[in-house]
Amino acid sequence: MPVQGFCWFLCCRQGFNLLGRDYGEKEEEESFELRNKEDLTCNGRSLAAENWKERRPKVVLDLGMTSEIYLLERVLRGPLEVTLSQPTRTANGTNGHSLSEVPDEMKSLIIEKSKMGLEEDPELLVKGWLFREVCGSWIKQRCYWFVLSLDSLDYYSSSERGARRLGTLVLTNLCSVIWPDKQTFKETGYWSITVYGRKHCYRLYTKHFNEAVHWACAVQKVIDTKAPVETPTQLLIRDIEENKFNPEVVDNMYQHNPILKHTQSPLYAPLLSFPYGSLEHTYHSGKGYATVREEAVKLFNCLQQLESARDPVPLIQGVLQTCLDLRPLRDEVYCQLVKQTSCTPQPHTAAHLRYWQLLTCMSCTFLPGPAVLKYLRFHLKRIQSQFPESEMDNYASFIGEALEKTRCRECVPSWEEIQVLMGRQEMLCTIHYPGPGSCQLHISSHTTANEVVRRMLEKLGLKESRNTFSLFEQNAHWERAVGGSTIIADILTRFENLSAKEPDSQWRLCFKLYCLLDADTISVDSIEYLFLFEQCHEMVVRGQLPACEEDLQTLAALRLQSVIGDFSTHSPCPPLDELFPGHMVEARLLMPPCAPPALLPGTQTPGQGCPQRFPGGLLGGALWNHTATAAHKQKVEQNLRLRSRLKEEAAAIMSTIVECWKGLAGYSRRDSMTAYLTIARQWSGFGCTLYEVDFYISSTGSFSQKLWLGVAATCVSLYRQGEAEALESFPYGQICSYGVSDSNTFKITAGDRDLLFETTKLTEIMQLMNAYFSAIRRQRGRGDDVVSITEGNAIEVGFHHLPPTPTPTLLELPSHPV
């Protein structure tokens, strides 16, 4: 027993020695960025610290990457002599030598401060005990004494005078700090802050929230005081801008700086400076991106693969998608492309032109920052002067013109657009309009919806129309007006993406009437009259034209006469849902509920008697419930009977429509359309656009009912769904303001009343009301007395308050004073 106890004592002692030792030797070699230059003297003070006034300390800057220089602050006052060195790498990731083999002057980037008591150093800002996350050890967190100075964040083995420094993180303006968050505290019980440096990341923990915030604030203040760090490429770009009118100096720069020229070698660091840190804290990482610095290096590798790729389009789309997701990388890719198109050994080959094709796509998708834009323009002019009347000259000219028009795109160019841009061509876009008609227009990557509308007005002879038109995105079940400043190429890309997800969805662009300001002066023989007829029929089929069943059947017969002509047994008849509103068919089936068939003894119908103990489906498949099976069978039989009755009613309605159609024999297309619109005009709200809304009876939103909000040329009206008479109308002269109250609430102020509507069509309502106000203002500016927006003694709308710019997006929609 004594021997066993003695053995346990030795083991415990050894364990405590391991726990209490200074884990500094290996840590010091792995984590230092700035180390002492001279050997320590016997009294603990460095020779450099004692003689700094007599001689300038020599500091060796270990680059590690040929294209990157990190400008570091000095710890000691006075000038420093800096020498650049390139380390050699071995297979195990070290620099090819141990610390003892390195010459003295290469052991340090910053002269180590004296090991005098930390409390005596006037440059110390914050100090204290913190836990640090340690990798590669069975102890995940260790407690160290941390000291924040004006230049670095150091940690020591203890707080005693002369304690050994175990690591240093140099602070530059590229460092970043992640503040404490509740999620980490819930998982670990500690508040954490993370400090990112060039080589290292310190994850620090404390049990006190105020202490964590204090450290984060202090480190961030030190980072904010640092001068901006510039890479060699950025310095050279600035020099080129200063000497752009001196070709000899510029040529000399290109000759003596390989970083500016085409290379077959990989890139080990970005050309521009990026902050250190994890991407998930600074940008979204939902697509699996690494840090911005790592993504920049990966992008250069993708660029080099373009030279040998059989199909460059997927690579180009990938690069553009990354630039769309990570905005800081746009300037980096521009600089990489300028580098790869400068001083090329074989500039006229197809492989080299791939870089110009990607640069063309970039110029039509994103604009670089001001400094890079100047550099890019200089590069294009330089190439044009070096290679006149060449393919590179043509690409440079095309890119220069594109940069004048480009706005930031919402989507990456589609496969078709990239193919067209690679050949410096324009796309063909098909624009449909009401009826079977369509036309094709040539568009570029910069063409907006307003430009297409103007060209369609010219093409269809509608420039003199007093009504306004718009483009709509639509498929068989949905449509939405397109904002005037929207880029058409973005819409086509969205259609391509939606078709890939839903192959059956047929998306298209349609040119239609938008604001019906004057329906009375439209010529019956004009194409505008056809627009009015087709769009009126769309409202009828959607059930947005209040009318009796007899009128709806007559409208359906007139529709058949206008589209097909006289009745014939051989004429193909369209389905009922293209002629008649579906809800009217269902309405004919409504009747007082009859008593259900006798159920099994002891059973109850759903909703009666005792409530269900468990939610439906909880025990489904687990137990055989005879009652539930019987109820389900009964429901299936009821659905079959309902469908059968629905078919019978639809057949009866269709039979009535056909009989009415037979009586229209001899009606021409023009006569049928005129008769159709004559019936439709009987509704007082003809020409308005209806939106389904929940109207709040009180301003507190305690009561609401479903209504139609009708936006017309003269007023805004409220209708009960299916009723022809408006509950209330508000002429524009009585409306003081309108706008978005919150994420799904639209507010109209008329006099002393606030009307609140909950709807999913906020943007559409805002756009339409803005369009009506703008259209009426233009009519008044031309002196046309087409529409009066005031009634009686109502106050005239103050048009000078309405913004002339296009309607902003949903998150930016203001409340418009009128």
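Residues numbered from 1 in each chain as written. Predicted model: local features only at pLDDT ≥ 70, side-chain atom pairs only at ≥ 80, totals over all residues. Heavy atoms only, no water.

### Some points on the overall build of the protein
And step 1. Of the regular secondary structure elements, the protein holds 23 helices and 22 strands.
And step 2. Out of the 818 residues in the protein, the part that is buried amounts to 45%. (Helix = DSSP H or I, 4+ residues; strand = E, 2+ residues; numbered from the N terminus. Buried < 20%, exposed > 50% of the residue type's maximum accessible area, 1.4 Å probe, protein only.)

### Here's the deal with the side chain of Ser152
And step 1. Locating Ser152 in the fold gives a position in strand E5 (residues 152-156).
And step 2. Polar contacts involving the side chain of Ser152 include one to the side chain of Asp154, which spans 3.1 Å. (Polar contact = N/O pair within 3.5 Å; in protein donor to acceptor, adjacent residues only side chain to side chain.)

### A word on the nonpolar core
And step 1. Core analysis: the largest hydrophobic core is formed by 68 residues, its most contacted members being Ile431, Met456, Leu471, Ile488 and Phe511.
And step 2. Contact partners of Ile488, with chain neighbours within four places excluded, come to Cys429, Ile443, Thr447, Thr448, Ala449, Val452, Leu471 and Leu509.
And step 3. Membership of the second largest hydrophobic core comes to 57 residues, among which are Ile240, Phe300, Leu353 and Leu373. (Core = buried A, V, L, I, M, F, W, Y, C linked by side-chain atoms within 4.5 Å. Contact = heavy atoms within 4.5 Å.)

### Some remarks on the side chain of Ser505
And step 1. Note on placement: Ser505 falls in the loop between helix H17 (488-501) and strand E14 (508-515).
And step 2. At 3.3 Å, the side chain of Ser505 forms a polar contact with the side chain of Trp507.
And step 3. Apart from the residues within four sequence positions on either side, Ser505 is in contact with Leu498 and Ser499.

### Observations regarding the pairing of strand E17 (residues 715-719)
And step 1. Where burial is concerned, most of E17 is hidden: five out of the five residues are buried.
And step 2. Side chains Cys715, Ser717 and Tyr719 of E17 all project onto a buried face; the interleaved residues Val716 and Leu718 project onto the opposite face, where all are buried too.
And step 3. Pairing between strand E16 (residues 704-711) and E17: four bridges, direction antiparallel. Opposite Gly710, over in E17, you have Ser717 as the bridge partner.
And step 4. Hairpin connection, E16 to E17: the antiparallel pair is bridged by three residues.
And step 5. Summarising the sheet, E17 and strand E18 (residues 726-731) pair through five bridges and their orientation is antiparallel. Bridging from a neighbouring strand, Val716 pairs with Phe730 of E18.
And step 6. What sits between E17 and E18 in their antiparallel hairpin is a turn of six residues, with Gly722 showing a positive phi close to 90 degrees. (Pairing = 2+ DSSP bridges.)

### Brief notes about the sheet that holds strand E3 (residues 126-133)
And step 1. Here we have seven strands laid out as an open sheet, ordered E6-E5-E4-E3-E9-E8-E7, and antiparallel in their pairing. The two strands at the open ends of the sheet, each matched to only one other strand, are strand E6 (165-170) and strand E7 (176-178). Each neighbouring strand pair of the sheet contributes to a mean axis angle of 35 degrees, computed without reference to strand direction.
And step 2. Pairing analysis gives three bridges linking E7 to strand E8 (residues 191-196), with the strands arranged antiparallel. Among the inter-strand pairings, Val177 is bridged to a residue of E8, identified as Val195.
And step 3. With respect to the sheet, helix H5 (residues 209-224) is in contact with E3, strand E4 (141-148), E5, E7, E8 and strand E9 (201-206), its orientation differing from that of E3 by roughly 105 degrees. (Axes fitted to C-alpha atoms, helices over the stretch in contact; angles between N-to-C directions.)

### Examining helix H18 (residues 527-542)
And step 1. In this model H18 runs 23 Å from its N-terminal to its C-terminal C-alpha over 16 residues, within 8% of the 22 Å that 1.5 Å per residue would give.
And step 2. For H18, the tally of buried residues reaches 12 of 16 residues, placing the bulk of the element in the interior.
And step 3. Those residues of H18 that sit buried are Glu528, Tyr529, Leu530, Phe531, Leu532, Phe533, Glu534, Gln535, Cys536, His537, Met539 and Val540.
And step 4. As for H18, its buried residues are in contact with helix H16 (449-460), strand E12 (468-474), E14, helix H19 (549-563) and helix H22 (669-680).
And step 5. Just beyond H18, the residue with positive phi is Gly543, at close to 80 degrees. (Expected span 1.5 Å × (residues − 1).)

### Some thoughts on the pattern of salt bridges
And step 1. Summed over all chains, the structure comprises 24 salt bridges.
And step 2. The residue Arg753 makes a salt bridge to Glu728 at a minimum N-O spacing of 2.4 Å. Here Glu728 lies in strand E18 and Arg753 lies in strand E21 (residues 753-758), a separation of 25 residues in the sequence.
And step 3. Take Glu728: its relative accessible area is 30%, and that puts it in the partly exposed class.
And step 4. Residues joined in a network through salt bridges with shared partners are Glu479, Lys512, Glu538 and Arg542. (Salt bridge = Lys/Arg side-chain N within 4 Å of Asp/Glu carboxyl O.)

### Quick word on the packing of helix H11 (residues 329-340) against helix H12 (residues 350-363)
And step 1. Running from N to C, H11 and H12 point in directions that differ by 150 degrees, and their axes come no closer than 10 Å. As far as their axial angle goes, H12 and H11 are roughly antiparallel. For the pair H11 and H12, the sense of crossing is left-handed. In this structure, H11 contributes Arg330, Val333, Tyr334, Leu337 and Gln340 to the contact, and H12 contributes His352, Tyr355, Leu358, Leu359, Met362 and Ser363. (Parallel < 35°, antiparallel > 145°, perpendicular 65-115°, else oblique. Left-handed = near helix turned anticlockwise from the far one by under 90°.)

### Notes on the pairing of E3
And step 1. Only one face of E3 is buried, namely the one carrying Val126, Gly128, Leu130 and Arg132, since none of Lys127, Trp129, Phe131 and Glu133 on the opposite face is buried.
And step 2. In the sheet, E3 pairs with E4 via eight bridges, with the strands oriented antiparallel. Its bridge partner being in E4, Lys127 is matched across the sheet by Val147.

### Looking at the confidence of the model for the protein
And step 1. Across the protein, the average pLDDT comes to 78, with 73% of residues at 70 or higher.
And step 2. Low pLDDT, under 50, characterises residues 592-624; the predicted model gives this stretch 13 contacts beyond four residues in sequence or across chains. (pLDDT = per-residue confidence, 0-100.)

### Some details on unusual backbone geometry
And step 1. With a phi angle near 55 degrees, Cys343 is a residue other than glycine that sits in the positive phi range.
And step 2. Inspection of the secondary structure assignment puts Cys343 in the loop between H11 and H12.
And step 3. For Glu389, which is not glycine, the phi dihedral falls at a positive 55 degrees.
And step 4. For Glu389, the position within the fold is in the loop between helix H13 (370-386) and helix H14 (391-405).
And step 5. Classification of Glu389 by relative accessible area gives exposed; the value is 78%.

### Digging into the sheet that holds strand E11 (residues 438-443)
And step 1. Taken in spatial order, the five strands make up an open sheet running E11-E10-E14-E12-E13, and their pairing is mixed. Strands with a single pairing partner mark the edges of an open sheet, and in this sheet they are E11 and strand E13 (479-481). On average, each strand axis in the sheet is inclined to that of its neighbour by 40 degrees, with strand direction left out of account.
And step 2. Together, E12, E13 and E14 form the strand contacts of H18, whose direction differs from that of E14 by roughly 100 degrees.

### What to know about the packing of aromatic side chains
And step 1. The tally for this structure, following the rule as stated, stands at 23 aromatic pairs.
And step 2. On the numbers, 5.6 Å between centres and 80 degrees between planes, the contact of Tyr155 with Tyr202 is edge-to-face. Of the two residues, Tyr155 sits in strand E5 while Tyr202 sits in strand E9, which places them 47 residues apart along the sequence.
And step 3. Given the relative accessible area of 0%, Tyr202 is considered buried.
And step 4. Between Phe472 and Tyr514, the ring centres sit 6.0 Å apart and the planes meet at 70 degrees, which makes this aromatic pair edge-to-face. In this pair, Phe472 sits in strand E12 while Tyr514 sits in strand E14, placing the two residues 42 residues apart along the sequence.
And step 5. The exposure class assigned to Tyr514 is buried, which follows from its relative accessible area of 15%. (Phe/Tyr/Trp six-rings, centres within 6.5 Å; stacked < 30°, edge-to-face > 60°.)

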